[in-house]
Amino acid sequence: MLEAPKFVGLIDLNQNLSQNFYHKLGEGSNMSIESYGSLQMSNGGGSVAMSMDNSSVGSNDSHTRILNHQGLNRVHNNYSVAASVNRGRVSNGLSNDALAQALIDPRFPTIGLENYDEWTIDLRKLNMGPAFAQGAFGKLYKGTYNGEDVAIKLLERPEHDLERAHLMEQQFQQEVMMLANLKHPNIVRFIGACRKPMVWCIVTEYAKGGSVRQFLTRRHNRSVPLKLAVKQALDVARGMEYVHALNLIHRDLKSDNLLIAADKSIKIADFGVARIEVQTEGMTPETGTYRWMAPEMIQHRPYTQKVDVYSFGIVLWELITGMLPFQNMTAVQAAFAVVNKGVRPTIPNDCLPVLSEIMTRCWDADPDNRPPFSQVVRMLEAAETEIMTTVRKARFRCCIQPMTTD
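Residues numbered from 1 in each chain as written. Predicted model: local features only at pLDDT ≥ 70, side-chain atom pairs only at ≥ 80, totals over all residues. Heavy atoms only, no water.

By the naming in an unreviewed UniProt entry, the protein is non-specific serine/threonine protein kinase, taken from Nicotiana tabacum. A UniProt comment under Sequence similarities (unreviewed entry) is attached to the protein, and it reads "Belongs to the protein kinase superfamily. TKL Ser/Thr protein kinase family. RAF subfamily." (UniProt positions renumbered as here; feature names shortened; annotations may be inferred.)

*Asks:* Is there a simple way to explain the overall build of the protein in this structure?
*Replies:* A tally of helices and strands in the protein yields nine helices and 14 strands. Here the protein holds 406 residues, and 55% of them are scored as buried. In the protein, 74% of the contacts between residues at least 6 apart in sequence involve partners at least 24 apart. In the form shown here, the protein has an accessible surface area of approximately 18000 Å², with 52% of it arising from carbon and sulfur atoms. (Helix = DSSP H or I, 4+ residues; strand = E, 2+ residues; numbered from the N terminus. Buried < 20%, exposed > 50% of the residue type's maximum accessible area, 1.4 Å probe, protein only. Contact = heavy atoms within 4.5 Å. Areas by Shrake-Rupley, 256 points an atom, 1.4 Å probe, with all protein chains shown as cover.)

*Asks:* Please explain the pattern of salt bridges as it appears in this structure.
*Replies:* When the charged atoms of two side chains with opposite charge come close together, those side chains can pair. Going through the model one piece at a time under the given rule, you end up with 15 salt bridges. Across the salt bridge formed by D149 and K208, the nearest N and O atoms sit 3.8 Å from each other. Pair noted here: D149 is in strand β8 (residues 148–156) and K208 is in the loop between β10 (199–207) and α3 (212–218), with a separation of 59 residues, a long-range link. We classify D149 as partly exposed; its relative accessible area is 27%. Of the charged contacts, one joins E169 and R195 as a salt bridge, the two residues approaching to 2.5 Å between their closest N and O atoms. Here E169 is found in helix α2 (residues 162–181), whereas its partner R195 is found in strand β9 (residues 190–196), with 26 residues between them in sequence. Each member of the pair, E169 together with R195, is buried. (Salt bridge = Lys/Arg side-chain N within 4 Å of Asp/Glu carboxyl O.)

*Asks:* What should I look at first to understand the nonpolar core in this one?
*Replies:* The tendency in soluble globular proteins is for nonpolar side chains to be buried side by side. Within the largest apolar cluster, 76 residues are counted, with the highest numbers of intra-cluster contacts made by F312, L355, I358 and L380. Looking at which domains feed residues into this core, each of domain 1 (98–205) and domain 2 (210–399) gives three or more. When neighbours within four sequence positions are excluded, L380 is seen to be in contact with V230, A233, L234, A237, F312, L355 and I358. Listed in part, the 20 residues of the second largest apolar core include I121, M128, V199 and C201. (Core = buried A, V, L, I, M, F, W, Y, C linked by side-chain atoms within 4.5 Å. Domains from an automatic or database assignment.)

*Asks:* What is the right way to look at unusual backbone geometry in this model?
*Replies:* Where the residue is not glycine, phi is negative for most of them; where a peptide bond is considered, it is trans in most cases. Not every positive phi belongs to a glycine, and N146 is a case in point at roughly 55°. Here N146 lies in the loop between β7 (138–145) and β8. The phi dihedral of K264 falls on the positive side, at around 75°, and the residue is not glycine. For K264, the position within the fold is in the loop between β12 (258–260) and β13 (266–268).

*Asks:* Could you clarify how one ought to interpret the packing of aromatic side chains in this entry?
*Replies:* Two numbers describe a pair of aromatic rings. These are the distance of the centres and the angle of the planes. As enumerated under the stated definition, the model contains three aromatic pairs in all. Their ring planes at 40° and their centres at 5.0 Å tell us that W119 and F190 sit as a pair that is tilted. With a gap of 71 residues between them, W119 in the loop between β5 (110–111) and β6 (126–135) and F190 in strand β9 connect regions that are remote in the sequence. Residue classification places F190 among the buried residues on the basis of a relative accessible area of 4%. (Phe/Tyr/Trp six-rings, centres within 6.5 Å; stacked < 30°, edge-to-face > 60°.)

*Asks:* Any chance you could explain the side chain of Q232 here in plain terms?
*Replies:* Positionally, Q232 belongs in helix α4 (residues 226–245). Classification of Q232 as buried rests on a relative accessible area of 2%.

*Asks:* What am I meant to see in the confidence of the model for the protein here?
*Replies:* Per-residue pLDDT for the protein has a mean of 75; in total, 67% of the residues score no lower than 70. This stretch, residues 1–85, has a pLDDT under 50; its non-local contacts, to residues over four places away or in other chains, come to 258 contacts. The low-confidence segment residues 394–406, where pLDDT is below 50, has zero contacts with residues more than four positions distant or belonging to other chains. (pLDDT = per-residue confidence, 0-100.)

*Asks:* Is there a simple way to think about the pairing of β8 in this case?
*Replies:* Successive residues of a regular strand alternate their side chains across the two faces of the sheet. Within β8, seven of the nine residues are buried, which leaves the element mostly enclosed by the surrounding structure. Relative to β8, β7 runs antiparallel, the two being bridged by eight bridges. Counterpart to G143 in the pairing with β8 is V150. Connecting β7 to the antiparallel partner β8 that follows it, the hairpin turn spans two residues, and N146 within it adopts a positive phi of roughly 55°. For β8 and β10, the ladder comprises seven bridges, and the chain directions are antiparallel. Paired with A151 across the bridge in β10 is T204. (Pairing = 2+ DSSP bridges.)

*Asks:* Would you take a moment to explain the environment of P345 for this structure?
*Replies:* Within the secondary structure, P345 sits in the loop between α7 (331–341) and α8 (353–362). Since its relative accessible area comes to 8%, P345 is described here as buried. Each C-alpha atom of the pair P345 and E318 lies 9.3 Å from the other, and the pair is 27 residues apart in sequence. Contact partners of P345, with chain neighbours within four places excluded, come to I314, W317, F326 and W363.

And the structure:
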C-alpha cells in the first residue's frame, strides 16, 4: 500500500489568508462557522464548480475593494507572457460591476498563463451573467463560454498590498495548474483562465444540480435512496482515488464541494486549497471545515492524504443518513468532541455492515488505519453488488404466487 509522505517543511501559502467570509448577494454578511471556508451558493438550484476558499482575503465587507480604486489605472507587473486584447460581454445588470468591467475592458490586455497558455480563455467568447456570491476580494458569476454554461470566479488583485497580492497570485497559479492537469469524469472540468492587471479569472463547468449539501437540505435531511447513495459515494471515491494517485491532497472534501451533474453523477470541486503533496509542514488546517475535518488537521499536526479519507467517511455518513454531521453542535463543539472525546456520527442500526465498516475505518483516529481510496472503491463496489442482489431477490419474491391445488 503506497503511503503518502509525511509533511515536514515548506512555506504555507495560506498564511494571512485564513479569514474568508462570503455571502450570497442580497444577504447579510454575518455567517456561522460552517460557512467559513466555503460558499453556500444558489442560483435556481444550480451550483458552481468552485469556491472562493483561500482565493481572497479575510473581511466581512460585502463589497470588493476594486470599487474604491481611483480609476482603473494600469497596474505595472512583471509578467513576461505575450498579452492580447480581447473583450467579453456582460449583461445589462452588470454595467456598474467594476470587477466584471475590469475583466472585459479592452484597454487592459489579457495576460497569458505562462506554462498553461493553451488554457487562456478568449474573452470574446465569454458572456457574464449575474454575480450570485461575493467576498472581500472576489465574486462568483454564472455565465456562458462558447455557448456552454459556466461558473466564473473573479479575484481582485490587491492594489496596495504587494505581499498579499503575491500570495493570491500563487494561489491562482496553483489552482490553474491543478485544474489543468485533473481529467476525470468525477472531477469538475476546467475550461480556462486568464489574468488581467487588476483581476484574475477562472472558468469551470457549471453544475446544474447544485451541491450534495444543497440536495440534502432540499430533502429536509431525509436519507437518500441507498442505491443512489452508494453510487454517488463511488463517484467520490473514484475521483479521489485519481487525485491521490497524482500525489495530491484535496484537504477540503465535504458535501458543499461535491456537485451534482445533470446525470446525477458527482463532480469533486474546489481545488483552490488543494496542495501538491511534498515534504512540508505548517499546512494551514483551517482550510477545511470542522465538521468534516480529520483530528490531525484540527490539532495542527502533520498530515497526509489520509485526511481526505477521514472526510470521505463523514460524507458517506451524510449520504446514507441525509443529515448534517454533528447537527446538534456548533462546528467548534464538533471539533472539540472529535479530538478530545473521540466522537463520531452515529451509524444507523439498519446500516449495511459493509457500509458501516467503511465509515468506521475511514474516520479512524489513527490515519495509518484508514484505507486508501483504491480499497474504499472495492468495498463500495461490493456494497453496490450486495444492494442490487438484495433488490433482485425482493422483486423475485414479489413475483412468486402461492400454488393452489384443484
